[in-house]
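# Analysis of the macromolecular model
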Amino acid sequence: MMLKEKINSTKRPFVVAGPCSAESELQVLSICKEVAKNPYVKLLRAGIWKPRTRPNSFEGLGKIALPWLVSAGKATNLPTATEVANKKHVEEALKAGIDVLWIGARTTVNPFAVQEIADALYGVDIPVMIKNPVNPDLQLWLGAFERLEQAGINDLTAIHRGFSVYKHAKYRNVPNWQIPIALKEERPDLPIICDPSHITGNRNLLLEVSQKAMDLNFDGLMIETHLNPDEAWSDSAQQVIAEEFNDILSKLVLRSVEISEDIQGEIEGIRAKISILDDLIFEVLGARMGLSEKVGKLKRENSITILQQEHCKEVIASRIGSRNDYHLTKQFVRQFMDAVHQESIRHQTKIMNKSK
Ligand code: PEP
Ligand code: MN
């Protein structure tokens, strides 16, 4: 059975677990045996080649560690997965008998590297999971799937691991949930797994992000686990021992996608009301833009610039000031007002450029 079919047919979440990096034969075997006891675990992971942002940090033990992961798979009767970033990794992983390959975020970002992997896999029958690129570019992510498909690899799964930003207060990689949601819209055929370990970079936030992924109907989770996380050779702050891992999985609330018949009517009633309010929002926005055009006409007749920076700043600040009355976040009010303002400028520009 193809991996993507297995993910779709097993009870959610389909869980991938194991250490960030393979450090020793005993480490790989012991942590894999521990996590394999959890029935949600369907695939084992371990990094053999580690793409590190800065040199001189641990870059993985390389191919000597491949048989350790393979024997952990045999001991637990579970398939195994590792990250590949070039042709040599692909050849060595295939030779060792790894069952599933994944392309990491720092590789998905580079079409040359993805193409090299696709070419190395030409004619090979193996499932591949593709992590989102480090930058929030849906096209690059889609392109990576297409490159693999053109090489005949059709058993593909997406992994959402967040996007890098400069110094974020909470996350190592911000989730930008709208991007995996957009991927689901474009490619509903691809299962999607969330990697809360690399999103959070912090073991205390794993449950929160895993729950969010479940509420957004993700198919599975990839969680890094370690016998002694504080001593891990890579990603130490985000790895968890098996006990914590089990605890996270047991605390997840799995809500159903199907709406049961008894609440169907009530939900539909509320949705109808929402739709009426949405109509009103658009009606009001249309009327508002009509007024913007009137202002535009006056500006044209009196030769005044469209952009009145100070006025615009005041308008947005006053809306942000009153946001609490409406229970709206500052970020939403800012984005909304910016969008309204841009649309208003578009209307005024149209008036401005109209020949008299
Ligand atoms: C990993 O899974 O260990 C890894 C390096 O992930 P990412 O490509 O998401 O950084
Ligand atoms: Mn890691």
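Residues numbered from 1 in each chain as written. Chains lettered and ligands numbered in written order. Predicted model: local features only at pLDDT ≥ 70, side-chain atom pairs only at ≥ 80, totals over all residues. Heavy atoms only, no water.

## Notes on the sheet that holds strand β6 (residues 156–160)
What counts here: Strands qualify as paired when DSSP identifies two bridges or more between them. The helix and strand labels rest on DSSP assignments: H or I over at least four residues marks a helix, E over at least two residues marks a strand, and numbering proceeds from the N terminus. For helices, the fitted axis covers only the stretch in contact; all axes are lines through C-alpha atoms, and the angles between them, taken along N-to-C directions, range from 0 to 180 degrees. In this analysis, two residues are considered to be in contact whenever any of their non-hydrogen atoms come within 4.5 Å of each other.
With parallel pairing, eight strands are arranged side by side around a closed barrel as β1-β2-β3-β4-β5-β6-β7-β8. This sheet shows a mean twist of 30° between the axes of neighbouring strands, independent of strand direction. Relative to strand β8 (residues 220–224), strand β7 (residues 192–194) is paired through two bridges, and the arrangement is parallel. Bridge assignment links C194 to a residue of β8, and that residue is L221. Against the sheet, helix α3 (residues 66–76) contacts β2 (41–45) and β3 (80–83), and its axis sits at roughly 155° relative to β3. Lying over the sheet, helix α11 (residues 242–251) contacts β1 (14–18), β2 and β8, oriented at roughly 165° with respect to β1.

## Comments concerning the site of ligand 1
Note the cut-off: Here a residue counts as near a molecule or strand whenever at least one of its heavy atoms sits within 4 Å of it. We define a polar contact as two N or O atoms separated by no more than 3.5 Å, with the added condition that, inside protein, one atom must be a possible hydrogen donor and the other a possible acceptor, whereas residues neighbouring each other in sequence contribute only through side-chain atom pairs. Each accessible area value is a Shrake-Rupley result obtained with a 1.4 Å probe; residue values ignore everything except the protein chains displayed when judging cover. Charged residues are taken to be Asp, Glu, Lys and Arg, nonpolar residues to be Ala, Val, Leu, Ile, Met, Phe, Trp, Tyr, Cys and Pro, and polar residues to be all remaining types, Gly included.
What surrounds ligand 1 is the set C20, R45, K50, E83, W102, G104, A105, R106, K131, R161, H198 and E224. Between A105 and ligand 1, the recorded distance is 2.8 Å, taken from a backbone N or O atom to an oxygen atom. Take R106: an N or O atom from its side chain is 2.9 Å from an oxygen atom of ligand 1. A total of 300 Å² of accessible area belongs to ligand 1 in isolation, and the protein chains cover 97% of it. A breakdown of the residues in the shell around ligand 1 according to their chemical character gives three nonpolar, two polar and seven charged.

## Focus: the layout of surface pockets
Empty space among the atoms can be located by rolling a probe the size of a water molecule over them. Operational definition: A 1.4 Å probe that fits into a set of points on a 1 Å grid over the protein atoms alone but cannot get out defines a cavity; an open set with protein on both sides within 12 Å along at least five of seven lines defines a pocket, and lining residues are those with an atom within 4 Å of a point. Grid points are joined across faces, edges and corners, and a volume is the space filled by probe spheres set on the points.
As a volume, the largest pocket reaches approximately 540 Å³. If you trace the largest pocket, you find 16 residues lining it, with R319, L328, F332, F336 and M337 closest to the centre. Elements with a contribution of two residues or more to the lining of the largest pocket: α12 (261–301), α13 (309–321) and α14 (330–352). Along the lines of polarity and charge, the residues of the lining of the largest pocket split into twelve nonpolar, one polar and three charged. Taken as a whole, the second largest pocket spans an internal volume of roughly 310 Å³. Lining of the second largest pocket is provided by 17 residues; of these, R288, H311, H341, S344 and Q348 occupy positions nearest its centre. Elements with a contribution of two residues or more to the lining of the second largest pocket: α12, α13 and α14.

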